[in-house]
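Residue-level structural notes
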Amino acid sequence: MENRRRRQPALAPDERRAALIAATIPLLHEHGVEVSTRQIAHAAGVAEGTIFGVFQNKNELVVCSVVQALDPQPTLDALAAIDPAAGLRARLLRAAEIVHARFTENASLMHSARRLIITGESSPEARERMTSTRGELMTAVTAVLEPDAARLRVPPAKAARLLLLYCGANTFGPFGDSEQFSGAELASLLLDGILLDSGEQAKC
């Protein structure tokens, strides 16, 4: 019997776009933005020309896929789910783990987003969506710290910015390539610094 590719059911344009984006995202993690339309079509189970029926060009598909892949909502939901009744250290540790995981899991895509979207000439809507993510993360981490605002030496928003800076530098900085700090270590660094307290110094 002749082996034929199973025909994909006809989809509305919006559904077809969504299906192509869903097929593209894993390929971006594997191949980067140099993924070919042939690879995308094969993964989606469609003819290569189908892509250009709903996207103007490959770049538009890649930009839409990067934006979707970096959707901050799962990260924001995870931060919002942190129990406000838990201790400050436990909350900060969990927040550091969540942010650190987002950065490390999407490091290559974030580099691509900066080149293609933030500093490139892509659509203004995509650029606005990507840049707004920073503010959303700041707000979410700030909310985690606010129940203990009276205990902090700096305002919760400034502490949140420091945590994001630590996590970002840990992933993207020139010294973050080898042994990275864990979320627990980043939380401890933010809360305790690097100086031993008097009791620990006495043991040295």
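Source: prediction; values computed, not measured. (Residues numbered from 1 in each chain as written. Predicted model: local features only at pLDDT ≥ 70, side-chain atom pairs only at ≥ 80, totals over all residues. Heavy atoms only, no water.)

Our next topic: the overall build of the chain. Helix and strand content of the chain: eleven helices and zero strands. Ordered by position from N to C terminus, the α and β elements of the chain give α-α-α-α-α-α-α-α-α-α-α. Taken over 204 residues, the chain has a buried fraction of 37%. Residue pairs in contact within the chain that sit at least 24 positions apart in sequence constitute 63% of those at least 6 positions apart. A total of about 12,500 Å² of accessible surface is found on the chain, and carbon and sulfur atoms cover 53% of it. (Helix = DSSP H or I, 4+ residues; strand = E, 2+ residues; numbered from the N terminus. Buried < 20%, exposed > 50% of the residue type's maximum accessible area, 1.4 Å probe, protein only. Contact = heavy atoms within 4.5 Å. Areas by Shrake-Rupley, 256 points an atom, 1.4 Å probe, with all protein chains shown as cover.)

Orientation of helix α1 (residues 13-31) relative to helix α4 (residues 58-69), taken along the N-to-C sense of each, is 75 degrees, at an axis distance of 9 Å. It follows that α1 is roughly perpendicular to α4 by the angle criterion. Two secondary-structure elements touch here, α1 through Arg17, Leu20, Ile21, Thr24, Ile25 and Leu28 and α4 through Glu60, Leu61, Val62, Cys64, Ser65, Val66, Gln68 and Ala69. In the contact of α1 with α4, the residues fall into nine nonpolar, three polar and two charged. (Axes fitted to C-alpha atoms, helices over the stretch in contact; angles between N-to-C directions. Parallel < 35°, antiparallel > 145°, perpendicular 65-115°, else oblique. Nonpolar A, V, L, I, M, F, W, Y, C, P; charged D, E, K, R; others polar.)

Take the nonpolar core next. Among the nonpolar cores identified, the biggest contains 51 residues, and Leu20, Leu79, Ile117 and Leu163 are the most heavily contacted of them. When near neighbours in sequence (up to four residues on either side) are disregarded, Leu20 contacts Ile40, Ala44, Val46, Ile51, Val54, Phe55 and Leu61. (Core = buried A, V, L, I, M, F, W, Y, C linked by side-chain atoms within 4.5 Å.)

Counting through the fold element by element, Arg129 comes out in helix α8 (residues 124-145). When near neighbours in sequence (up to four residues on either side) are disregarded, Arg129 contacts Val67, Asp71, Pro72 and Glu136.

On average, residues of the chain score 85 in pLDDT, and 86% of them are at 70 or above. Per-element averaging of pLDDT across the chain places helix α11 (residues 198-203) at the bottom with 53 and helix α5 (residues 73-80) at the top with 97. (pLDDT = per-residue confidence, 0-100.)

All right, on to the pattern of salt bridges then. The final tally for this structure, using the stated rule, is seven salt bridges. Notably, a salt bridge pairs Glu97 with Arg94, separated by 3.5 Å at the nearest N-O pair. Residue Glu97 and its partner Arg94 are both found in helix α6 (residues 88-105); the two are separated by three residues, about one turn of the helix. Arg94 gets classed as partly exposed once you look at its relative accessible area, which sits at 40%. Within the structure, one salt-bridge network assembled from shared partners comprises Asp71, Arg129 and Glu136. (Salt bridge = Lys/Arg side-chain N within 4 Å of Asp/Glu carboxyl O.)

Below, the discussion takes up helix α10 (residues 183-192). Buried residues of α10: Gly183, Leu186, Ala187 and Leu190, and no others. Buried residues in α10, looked at end-on, bunch into an arc of 100 degrees, giving them a common side. On its buried face, α10 is in contact with α6 and α9 (156-172). Two residues or fewer after α10 comes Gly193, characterised by a positive phi angle close to 70 degrees. (Arc of directions from axis to C-beta.)

Relative to each other, α6 and α9 sit at 40 degrees, their axes nearing to 9 Å. Crossing handedness for the pair α6 and α9: right-handed. Packed against α6, whose contacting residues are Leu92, Ala95, Ala96, Val99, His100, Phe103 and Thr104, the element α9 presents Leu163, Leu164, Cys167, Gly168, Asn170, Thr171 and Phe172 at the interface. Grouping the amino acids of the contact of α6 with α9 by side-chain chemistry returns nine nonpolar, five polar and no charged. (Left-handed = near helix turned anticlockwise from the far one by under 90°.)

Assignment of secondary structure puts Val62 in helix α4. Along the chain, Val62 and Leu20 lie 42 residues apart, while their C-alpha atoms are 9.9 Å from each other. Not counting chain neighbours up to four residues away, the residues in contact with Val62 comprise Leu28, Val33 and Leu116.

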